Amino acid sequence: MREIRDPALLEEYIRKYRIRSYFDTAELPFRLYEYAPGELINVVHPMEESLKFIVDGVFDHYMLQEDGTPYLIAHCVGYGFMGELAFCRQQPQNRFQEVMETLRAVELPLEPLRETLEQDNRFLRFLLDTMAHRMTQSVYRYSSMSSAETSLLAYLRWSCPDHSIHNVTETAYHLNYSRRQLQRALKDLTDRGALIKLGKGKYALSSMERDKRRR
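Residues numbered from 1 in each chain as written. Predicted model: local features only at pLDDT ≥ 70, side-chain atom pairs only at ≥ 80, totals over all residues. Heavy atoms only, no water.

**Quick look at a nonpolar patch on the surface**
Okay, so step 1: Judged by side-chain polarity, M1, V43 and V44 come together as a nonpolar surface patch covering roughly 230 Å² of accessible area.
Okay, so step 2: Relative to the assigned elements, M1 resides in the segment before strand 1 (2-3). (Patch = residues over 30% accessible without salt bridge, like charges linked within 9 Å, V, L, I, M, F, W, Y side chains within 5 Å. Areas by Shrake-Rupley, 256 points an atom, 1.4 Å probe, with all protein chains shown as cover. Salt bridge = Lys/Arg side-chain N within 4 Å of Asp/Glu carboxyl O. Helix = DSSP H or I, 4+ residues; strand = E, 2+ residues; numbered from the N terminus.)

**Looking at the environment of E66**
Okay, so step 1: Relative to the elements of secondary structure, E66 occurs in the loop between strand 3 (50-64) and strand 4 (70-77).
Okay, so step 2: The exposed category is assigned to E66, whose relative accessible area is 89%.
Okay, so step 3: When the C-alpha positions of E66 and N94 are compared, they lie 9.6 Å apart, and in sequence the two are 28 residues distant. (Buried < 20%, exposed > 50% of the residue type's maximum accessible area, 1.4 Å probe, protein only.)

**Brief notes about the sheet that holds strand 8 (residues 195-199)**
Okay, so step 1: Spatial ordering of the open sheet is given by 7-9-8, a layout of 3 strands whose pairing is antiparallel. The open sheet terminates on both sides in strands that have one partner only, identified here as strand 7 (164-165) and strand 8.
Okay, so step 2: Sheet topology note: the strand 8/strand 9 (residues 202-205) ladder contains 4 bridges and is antiparallel. Bridge pairing in strand 9 links I196 to A204.
Okay, so step 3: Where helix 6 (residues 148-158) meets the sheet, its contacts fall on strand 7, strand 8 and strand 9, and the angle it forms with strand 9 comes to roughly 80°.
Okay, so step 4: Sitting on the sheet, helix 8 (residues 179-191) is in contact with strand 7, strand 8 and strand 9, with an inclination near 115° to strand 8. (Pairing = 2+ DSSP bridges. Contact = heavy atoms within 4.5 Å. Axes fitted to C-alpha atoms, helices over the stretch in contact; angles between N-to-C directions.)

**Some details on the packing of aromatic side chains**
Okay, so step 1: Counting across every chain of the model gives 12 aromatic pairs.
Okay, so step 2: Both rings, one in F123 and one in F126, keep their centres 6.3 Å apart while their planes meet at 35°; by these two values the pair is tilted. One end of the pair is F123 and the other is F126, both in helix 5 (residues 121-137) and 3 residues apart, which spans about a single turn.
Okay, so step 3: According to the relative accessible area criterion, F123 is buried, its value standing at 0%.
Okay, so step 4: Looking at F126, the relative accessible area reads 12%, which means it is buried.
Okay, so step 5: Through a chain of ring-to-ring contacts, three or more aromatic side chains come together here, namely Y22, F23, F30, F53, F81, F87, F123 and F126.
Okay, so step 6: A cation sits over an aromatic face here: R114 above F87, 5.4 Å from the ring centre. (Phe/Tyr/Trp six-rings, centres within 6.5 Å; stacked < 30°, edge-to-face > 60°. Lys NZ or Arg CZ within 6 Å of the ring centre and 35° of its normal.)

**Some thoughts on the side chain of R114**
Okay, so step 1: By the element assignment, R114 lies in helix 4 (residues 114-117).
Okay, so step 2: Using a relative accessible area of 5% as the deciding quantity, one classes R114 as buried.
Okay, so step 3: When near neighbours in sequence (up to four residues on either side) are disregarded, R114 contacts A86, F87 and R89.

**Some details on the state of the cysteines**
Each disulfide consists of one covalent bond between the sulfur atoms belonging to two cysteines.
Okay, so step 1: Tallying each qualifying case throughout the model produces 0 disulfides.
Okay, so step 2: In this structure C76 is a free cysteine whose sulfur lies 18 Å from that of C88, the closest cysteine sulfur available.
Okay, so step 3: Assessed through its relative accessible area of 22%, C76 is described here as partly exposed.
Okay, so step 4: In this structure C88 comes out as partly exposed when scored by relative accessible area, which is 36%. (Disulfide = S-S within 2.5 Å.)

This is how it looks when you write it as structure tokens:
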């Protein structure tokens, strides 16, 4: 993680995503940070320390199950917000956000501003809207991703112990896609070298794709 000390670039991101429109409070001390692939956002810069508006990049949000294996919560691409649970002092300890492609975030220090933000009605309404939207969409975790290809890769990476599927119909049902949609995704990913076909209805992540997880 590194801070990007470029006021013009920071302001460009703030204006592009209308970040100031979420606050009544003026003159907030926004900062711009960049995270490298493989970094865990919540480890190098804990949620309790700052509110984060993701303005560029890709990360996987996952939790560790009791047996220590990861379980994907969401594959996140592009703009988004993180910090509502930390603001409410309810941040779970077994969740992680791992950067998959270089990520940038406009951030606000949380604790120095907590008292001010607790009186900021526009920000509080923004938090309520954010939390309500995520609760509504949580049941569609995989289908809400950017594409069938992205959804399938995330599913193989995080939810399959051996990083493979053995039944196309069952996988399509689980991911809330039609069999035809999933077959197109399988063909495209196999042609690109992200997947290897093991047999009828059986596919696995290629070594190239697994290496992305370890970086």
